[in-house]
Amino acid sequence: MVNPVNGSSCTAVSAASSIGALNGQIRSDQQQLDDWTTCVSAKTTKGQAEIQRLSGALSAAREAVTRAEATHAAAVSSGGAPATAPAGYNAQAQIQRTQAHSLDVWA
C-alpha cells in the first residue's frame, strides 16, 4: 500500500502489527515454558528438550521484536505511516508487566 501524500509504504503499520503478533507468541511461549519448568517432567529428557526448544523460540521472538521495533521507528521517522503504538511504548516492558501479573492456574 502506498501513501498518496508522500509515496512511502506502510512499513510502520506492518512493523507494528508484527510486533503485536510477536508479543502474543512471546506470551504464549513464556507461559508454556513456565509450565514445563514447574512440571515434574522438567527433569526428563523430553522435558529438557521442550524447555530448550521454548527457550530458543523465546529468544528468537524477542530478537524479532527488537528488529521490528527498529524498523517501525525508522519508518515513522522517515515519514512512513503513522505509528500505531503510543510514543514511548516499550513492547518488552509491557510483556514483563503482563507476565508479572499473570496467574499460574496449574493445579
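Residues numbered from 1 in each chain as written. Predicted model: local features only at pLDDT ≥ 70, side-chain atom pairs only at ≥ 80, totals over all residues. Heavy atoms only, no water.

Undergrad: What is the right way to look at the overall build of the protein chain in this model?
TA: From N to C terminus, the protein chain includes three helices and zero strands. Counted from the first residue to the last, the protein chain has its helices and strands arranged as α-α-α. When each of the 107 residues of the protein chain is scored for burial, the buried share is 26%. Only carbon and sulfur atoms are counted for the fraction: they give 59% of the accessible area of the protein chain, which is about 6900 Å². (Helix = DSSP H or I, 4+ residues; strand = E, 2+ residues; numbered from the N terminus. Buried < 20%, exposed > 50% of the residue type's maximum accessible area, 1.4 Å probe, protein only. Areas by Shrake-Rupley, 256 points an atom, 1.4 Å probe, with all protein chains shown as cover.)

Undergrad: Looking at this structure, how should I read the environment of G20?
TA: Along the chain, the position of G20 falls in helix α1 (residues 11–38). Separated by 48 residues in sequence, G20 and A68 have C-alpha atoms that sit 10.0 Å apart.

Undergrad: Help me understand the pattern of salt bridges, please; the structure alone is not making it clear to me.
TA: Opposite charge on two side chains permits pairing when their charged atoms draw close. Under the criterion given, the structure shown has one salt bridge. The residue E50 makes a salt bridge to R53 at a minimum N-O spacing of 2.6 Å. In this pair, E50 and R53 both sit in helix α2 (residues 45–77), three residues apart, roughly one turn of the helix. Residue classification places R53 among the partly exposed positions, given a relative accessible area of 45%. (Salt bridge = Lys/Arg side-chain N within 4 Å of Asp/Glu carboxyl O.)

Undergrad: Explain the confidence of the model for the protein chain here, please?
TA: Residues shown with low pLDDT carry predicted positions that ought not to be read at fine detail. Confidence along the protein chain averages 74 in pLDDT terms, with 58% of residues attaining 70 or more. Across the protein chain, element-level confidence peaks in α2 with a mean pLDDT of 89 and bottoms out in helix α3 (residues 91–100) with 59. pLDDT under 50 marks residues 1–8. Its contacts with residues more than four places away, or in other chains, come to nine contacts. (pLDDT = per-residue confidence, 0-100. Contact = heavy atoms within 4.5 Å.)

Undergrad: It is not clear to me how α2 should be interpreted in this structure. Could you clarify?
TA: In an α-helix, one full turn covers 3.6 residues, which means residues spaced three or four apart are oriented alike. With 33 residues, α2 extends 48 Å from end C-alpha to end C-alpha; this agrees with the ideal 48 Å at 1.5 Å per step. Those residues of α2 that sit buried are G47, E50, I51, L54, L58, A61, A64, V65, A68, H72 and A75. (Expected span 1.5 Å × (residues − 1).)

Undergrad: I keep staring at the nonpolar core and nothing clicks. Help me out?
TA: Grouped burial of nonpolar side chains is what soluble globular proteins tend to show. Counting eight residues, the largest nonpolar core is built from I26, L33, A42, I51, L54, L58, A61 and V65. Counting residues per element, the ones that place at least two in this core are α1 and α2. When residues of this core are assigned to their parent elements, the largest contribution, five residues, is made by α2. (Core = buried A, V, L, I, M, F, W, Y, C linked by side-chain atoms within 4.5 Å.)

Undergrad: Can you walk me through the environment of I51 in this structure?
TA: Summarising the element assignment, I51 is placed in helix α2. Sequence separation between I51 and D34 is 17 residues, and the spatial gap between their C-alpha atoms is 8.9 Å. In contact with I51, other than residues within four places in its own chain, are L33, W36, T37 and A42.

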